[in-house]
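Chain by chain, the residues run as shown.
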Amino acid sequence: MNLFRHRLSGVPALVLLCAAVGCSSADDGASAPVPSPATKVARLCRNLDEALPSKVDGMDRRDPEPASALTAGWGNPAIILRCGVERPPKMADPKVAQGADPDAVAGGVNGVNWLMEKRDGGGYRFTTAGRRAYVEVTVLEGADSSSALIDLASAVRKAIPEGIAD
């Protein structure tokens, strides 16, 4: 954010504004809790980090804070990926498997199965199913979730083998 471009007289106003609203150097970035998976899952997640695309849904990669090989982001960031998360409770809910839960749906995109959950306040959370590590992707309202999953599918297939997560 460069509100006071080339004007030194704007510096005092910026200092006052930051003091009033609590600015930080990472204003435009997002934060994401870093998962704490077992060593074997963390290794798979590091492999995934190396395989992730530089763009998702046409947006450049902008990782959330704190920096970690277990998290990634694209956009401002409108899309956040966390690898090595816990299994979501809805994954074991029989209503989801029967298609009777209006807020959660199971499905697949390009060879990767996902649990889709509506988030409070808009957007969706997707969690891989049938892989040796749970990978969570949150997509803010307004972002194209299908495009995001298509863009991420190849990296997930390459780095996270099919199987039961620990």
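Our structure is the block above this text.
1. Observations regarding the sheet that holds strand S8 (residues 135-139)
So, step 1. Overall, antiparallel pairing links the six strands, which are arranged S3-S4-S8-S7-S6-S5 in an open sheet. Taken across any chain shown, the strands that pair with only one partner, and hence form the sheet edges, are strand S3 (71-74) and strand S5 (104-109). Between one strand axis and the next, the sheet turns by 20° as a mean value, whatever way the strands run.
So, step 2. Judged from the four bridges that link them, strand S7 (residues 124-129) and S8 form a sheet pairing that is antiparallel. Looking at S8, one finds that Thr127 is bridged to Glu136.
So, step 3. Strands S3, strand S4 (79-83), S5, strand S6 (112-118), S7 and S8 of the sheet are contacted by helix H4 (residues 145-159), whose axis makes an angle of about 145° with S6.

2. With respect to the pairing of S3
So, step 1. Burial of the side chains of S3 extends over both faces: Thr71 and Gly73 are buried on one face and Ala72 and Trp74 on the other.
So, step 2. Pairing geometry for S3 and S4, over four bridges, is antiparallel. Looking across to S4, one finds that Trp74 is bridged to Ile79.
So, step 3. Hairpin connection from S3 to S4: four residues lie between these consecutive antiparallel strands, with Gly75 at a positive phi of about 90°.

3. Some remarks on the side chain of Ser147
So, step 1. Within the element layout of this structure, Ser147 appears in helix H4.
So, step 2. With a relative accessible area of 18%, Ser147 lands in the buried category.
So, step 3. In terms of polar contacts, Ser147 uses its side chain to reach the side chain of Asp57, at 3.3 Å.

4. Here's the deal with the environment of Trp74
So, step 1. Inspection of the secondary structure puts Trp74 in strand S3.
So, step 2. Judged by its relative accessible area of 0%, Trp74 is buried.
So, step 3. Separated by 14 residues in the primary sequence, Trp74 and Asp60 place their C-alpha atoms 5.4 Å from one another.
So, step 4. Beyond its immediate sequence surroundings of up to four residues, Trp74 is in contact with Leu52, Pro53, Ser54, Lys55, Val56, Met59, Asp60, Arg61, Arg62, Ile79, Leu81 and Leu152.
So, step 5. Separated by 3.1 Å, the side chain of Trp74 and the backbone oxygen of Pro53 make a polar contact.

5. Describing the pairing of S8
So, step 1. Most of S8 is tucked away: five of the five residues are buried.
So, step 2. Neither face of S8 is exposed, since Val135, Val137 and Val139 on one face and Glu136 and Thr138 on the opposite face are all buried.
So, step 3. Linking S7 to S8, which pair antiparallel, is a turn of five residues; within it Gly130 sits at a positive phi near 75°.

6. Digging into the packing of aromatic side chains
The geometry of two aromatic rings is summed up by the distance between their centres and the angle between their planes.
So, step 1. For the coordinates displayed, the defined rule picks out two aromatic pairs.
So, step 2. Ring centres 6.4 Å apart and planes at 85° place the aromatic pair Trp114 and Phe126 in the edge-to-face group. With Trp114 in strand S6 and Phe126 in strand S7, the pair connects residues that are 12 residues apart, well separated along the chain.
So, step 3. You can call Phe126 buried: its relative accessible area is 3%.
So, step 4. The rings of Trp114, Tyr124 and Phe126 are connected pair by pair, giving a single aromatic cluster.

7. Some details on the packing of helix H2 (residues 39-51) against H4
So, step 1. In the contact formed by H2 and H4, the axes pass within 9 Å of each other and the chain directions differ by 140°. Read as a crossing pair, H2 and H4 show a hand that is right-handed. The residues of H4 that touch H2, namely those facing Leu44, Asn47, Leu48 and Ala51, are Ala155, Val156, Lys158 and Ala159.
So, step 2. Class assignment of the residues belonging to the contact of H2 with H4 gives a composition of six nonpolar, one polar and one charged.

Analysis parameters
Residues numbered from 1 in each chain as written. Predicted model: local features only at pLDDT ≥ 70, side-chain atom pairs only at ≥ 80, totals over all residues. Heavy atoms only, no water. Pairing = 2+ DSSP bridges. Helix = DSSP H or I, 4+ residues; strand = E, 2+ residues; numbered from the N terminus. Axes fitted to C-alpha atoms, helices over the stretch in contact; angles between N-to-C directions. Contact = heavy atoms within 4.5 Å. Buried < 20%, exposed > 50% of the residue type's maximum accessible area, 1.4 Å probe, protein only. Polar contact = N/O pair within 3.5 Å; in protein donor to acceptor, adjacent residues only side chain to side chain. Phe/Tyr/Trp six-rings, centres within 6.5 Å; stacked < 30°, edge-to-face > 60°. Left-handed = near helix turned anticlockwise from the far one by under 90°. Nonpolar A, V, L, I, M, F, W, Y, C, P; charged D, E, K, R; others polar.

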